[in-house]
Amino acid sequence: MIRRMAQTLSSLWLAIAGAGLVHAEMRLNLQQPETVIAHEIYHLHTVILVICVIIFVVVFGAMFYALWKHRKSVGHQAEQFHENTTVEILWTVIPFFILVGMAIPATKTILAMKDSSNPDMSIKVTGYQWKWRYDYLGENVSFYSDLSTAREQIENKAPKGENYLLEVDNPMVVPVGKKVRILVTANDVIHSWWVPAFGVKQDAIPGFVRDSWFKVDSPGIYRGQCAELCGKEHGFMPIVVEALPEERYRTWLAEQQTKGKAATAAASAGAGKTYALDELKTEGEKVYARTCVACHQANGQGVPGAFPALAHGPITTGPIAAHIDIVLNGSKKNPAMAAWKGQLSDLEIAAVITYERNALGNAVGDVVQPSQIAAAAK
Ligand SMILES: [Cu+2]
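All of these numbers come straight from a predicted model, not from anything done at the bench. (Residues numbered from 1 in each chain as written. Predicted model: local features only at pLDDT ≥ 70, side-chain atom pairs only at ≥ 80, totals over all residues. Heavy atoms only, no water.)

(A) Structural detail: the coordination of the copper ion. Protein coordination at the copper ion: the donors are His-191 (ND1), Cys-226 (SG), Cys-230 (SG) and Met-237 (SD), at 2.0 to 2.6 Å from the metal. Around the copper ion, the four donor atoms are arranged such that angles at the metal cover 93 to 129 degrees; this shape is classified as tetrahedral. Site description for the copper ion: donor spacing in sequence, H-x34-C-x3-C-x6-M. Here His-191, found in strand S6 (residues 191–195), pairs with Met-237, found in the loop between strand S9 (220–226) and strand S10 (239–244); they are 46 residues apart in sequence, far enough to count as distant. Exposure class is identical for His-191 and Met-237. Each is buried. (Donors = N, O, S within 2.8 Å, 3.2 Å for Na, K, Ca; no water. Tetrahedral: all angles 85-135°; square planar, octahedral: opposite > 155°, others 65-115°. Helix = DSSP H or I, 4+ residues; strand = E, 2+ residues; numbered from the N terminus. Buried < 20%, exposed > 50% of the residue type's maximum accessible area, 1.4 Å probe, protein only.)

What follows is the structure, encoded as structure tokens:
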């Protein structure tokens, strides 16, 4: 009997291990791990699942066997026993050892996850409603990472692409084989930076800096999402990490540094410049499509009760100062209206305000220059 049970258990074990492989193919299991930590989590998940299945089979097997063997219809008399010390000790000691056996590898993995010491590089990750910002510490490289899925796909006007809602304009780029420490925080509400293949899921909390780390095994593109319900566009702030061989990463970093310097130079050169209405409107339309359209809608009608209409709205047709203030500093009444100061350049803010006042059905006719934004932002 015992031999048969052992045989059944070992074949069950094989079936579970086999099913694990099949599941990886069917993408029903965890994602393919790509870092040491993700491998450990994957292993831990499998081991604990197997332990749970064994306990399930043994406990329910014994219970159903006892019910069947001692049923009333075969004339079995109910046993009248109470307080069996041996059984009570056994059912305390056995689970204790099982739990300790599970806790040891789990604790080791958690400690390894938290050990972000001696990194090769550090990136500050900031969550915004609804995008991510990456600051490469000490490298002078910073950028926002926005969803790049076309609005038409989201609104079912175009077929969905392969990486629907899992694609961004500027991915985080890291070198393979290097320990990357991420310092995670948020600018508005709680977000969570989650890349399953790295085994990293770190809450981004305003006012706190939490860290985590990863070392990517092989080059590739890895995708994740914000994993904390953070408002209307929560499902629209994906994470994309591109892991490059060290040399190509260095080239990318140098390119970003040059681009950053050029942008700063262009911004300071254009700071005092006076733009024509049409120039600002053209630029503003692009900024609007990128940053405002999700809430205020393409036609500027907003969403009644949630996001105010900009078409014939009091802000877009009222005094310029109030319009500049709300775009720069956000709304005190409605936290969904972000403060765009620092997120957009003076030119972009001037352009989008000019666009809003002279498009979407409005024709106020006034022009806002970047110098006005710079003065108001002081
Ligand atoms: Cu979020």
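Next, the rest of the story.
(B) Examining the packing of aromatic side chains more closely. Applying the stated rule across the entire model yields 14 aromatic pairs. Look at Phe-96 and Phe-97: their rings are 5.4 Å apart centre to centre, the planes differ by 75 degrees, and that puts the pair in the edge-to-face class. Relative accessible area serves as the criterion here: at 53%, Phe-97 is assigned to the exposed category. The rings of Tyr-134, Tyr-136, Phe-143, Tyr-249 and Trp-252 are connected pair by pair, giving a single aromatic cluster. Geometry around Trp-194 places Lys-201 over its ring, the cationic atom sitting 4.9 Å from the centre. (Phe/Tyr/Trp six-rings, centres within 6.5 Å; stacked < 30°, edge-to-face > 60°. Lys NZ or Arg CZ within 6 Å of the ring centre and 35° of its normal.)

(C) Layout of the sheet that holds S9. Pairing is mixed across the open sheet formed by five strands, whose spatial order is S4-S10-S9-S6-S7. Only two strands of the sheet have a single partner each, and these edge strands are strand S4 (172–175) and strand S7 (200–204). If you compare each strand with its neighbour and ignore which way they point, the axes differ by 25 degrees on average. One ladder, built from two bridges, connects S6 with S9; its direction is antiparallel. The partner of Trp-194 across the bridge, within S9, is Gln-225. Each of S4 and S10 touches helix H5 (residues 246–270); the most contacted strand, S4, lies at about 140 degrees to it. (Pairing = 2+ DSSP bridges. Axes fitted to C-alpha atoms, helices over the stretch in contact; angles between N-to-C directions. Contact = heavy atoms within 4.5 Å.)

(D) Broad picture of the sheet that holds strand S1 (residues 121–128). Sheet architecture is open: five strands sit in the order S3-S2-S1-S5-S8, paired in mixed fashion. Across the chains shown, the open sheet's two edge strands, defined by having one partner strand only, are strand S3 (141–145) and strand S8 (210–214). Strand-to-strand, the axes of this sheet are offset by a mean angle of 25 degrees, without reference to chain direction. With five bridges connecting them, strand S5 (residues 180–186) and S8 associate as antiparallel partners. Looking at S8, one finds that Val-180 is bridged to Phe-214.

(E) Main features of helix H3 (residues 85–114). For H3, with 30 residues, the first-to-last C-alpha span of 43 Å sits near the 44 Å given by 1.5 Å per residue. Put simply, Asn-84 is the residue that caps the front of H3, since its side-chain oxygen is 3.2 Å from the backbone nitrogen of Thr-86. (Expected span 1.5 Å × (residues − 1). Polar contact = N/O pair within 3.5 Å; in protein donor to acceptor, adjacent residues only side chain to side chain.)

(F) Representation of the side chain of Lys-179 in the model. Locating Lys-179 in the fold gives a position in the loop between S4 and S5. Comment: no salt bridge for buried Lys-179; closest opposite-charge side chain is Asp-115, at 4.5 Å. (Lys, Arg positive; Asp, Glu negative; His and termini not counted. Salt bridge = Lys/Arg side-chain N within 4 Å of Asp/Glu carboxyl O.)

(G) Seen up close, the environment of Ile-182. Note on placement: Ile-182 falls in strand S5. The exposure class assigned to Ile-182 is buried, which follows from its relative accessible area of 0%. The spacing of Ile-182 and Pro-119 is 63 residues in sequence and 9.5 Å in space, taken between C-alpha atoms. Ignoring any residue separated from it by four or fewer positions in sequence, one finds Ile-182 in contact with Ile-123, Val-125, Met-172, Trp-193, Val-200, Arg-210, Asp-211, Ser-212 and Phe-214.

(H) Examining the nonpolar core more closely. With 38 residues, the main nonpolar core has Ile-123, Tyr-134, Tyr-136, Met-172, Ile-182, Trp-193 and Phe-214 as its most contacted residues. Not counting the four nearest positions on each side in its chain, Met-172 is found in contact with Ile-123, Val-125, Tyr-134, Tyr-136, Phe-143, Ile-182, Trp-193, Phe-214, Val-240, Val-241 and Glu-242. Membership of the second largest hydrophobic core comes to 20 residues, among which are Val-287, Val-293, Ile-349 and Leu-360. (Core = buried A, V, L, I, M, F, W, Y, C linked by side-chain atoms within 4.5 Å.)

(I) Region of interest: the pattern of salt bridges. Taken as a whole and assessed by the stated rule, the structure comprises nine salt bridges. The closest approach of N and O atoms between Glu-155 and Lys-157, which form a salt bridge, is 3.1 Å. Take Lys-157: its relative accessible area is 65%, and that puts it in the exposed class. A salt bridge links Glu-246 to Lys-178; its shortest N-O distance comes to 3.6 Å. Of this pair, Glu-246 sits in helix H5 while Lys-178 sits in the loop between S4 and S5, placing them 68 residues apart in sequence. Judged by its relative accessible area of 30%, Glu-246 falls in the partly exposed class. Its relative accessible area of 29% is what places Lys-178 among the partly exposed residues. Put simply, Arg-151, Glu-155 and Lys-157 are held in one network by salt bridges that share partners.

(J) Here's a closer look at the packing of helix H8 (residues 320–329) against helix H9 (residues 346–358). The N-to-C vectors of H8 and H9 enclose an angle of 130 degrees; their axes lie 11 Å apart at closest approach. By the angle between their directions, the pair H8 and H9 is classed as oblique. In this structure, H8 meets H9 at a crossing whose hand is right-handed. Facing H8, whose interface residues are Ile-320, His-323, Ile-324, Val-327 and Leu-328, H9 presents Ile-349, Ile-353, Glu-356 and Arg-357. Residues belonging to the contact of H8 with H9 are distributed by class as follows: six nonpolar, one polar and two charged. (Parallel < 35°, antiparallel > 145°, perpendicular 65-115°, else oblique. Left-handed = near helix turned anticlockwise from the far one by under 90°. Nonpolar A, V, L, I, M, F, W, Y, C, P; charged D, E, K, R; others polar.)

(K) Highlighting the pairing of S4. The alternating pattern of S4 places Met-172 and Val-174 on one face and Val-173 and Pro-175 on the opposite face, and all of these are buried. The pairing of S4 with S10 spans four bridges and is parallel. Within S10, the position partnered with Met-172 by the bridge is Val-241.

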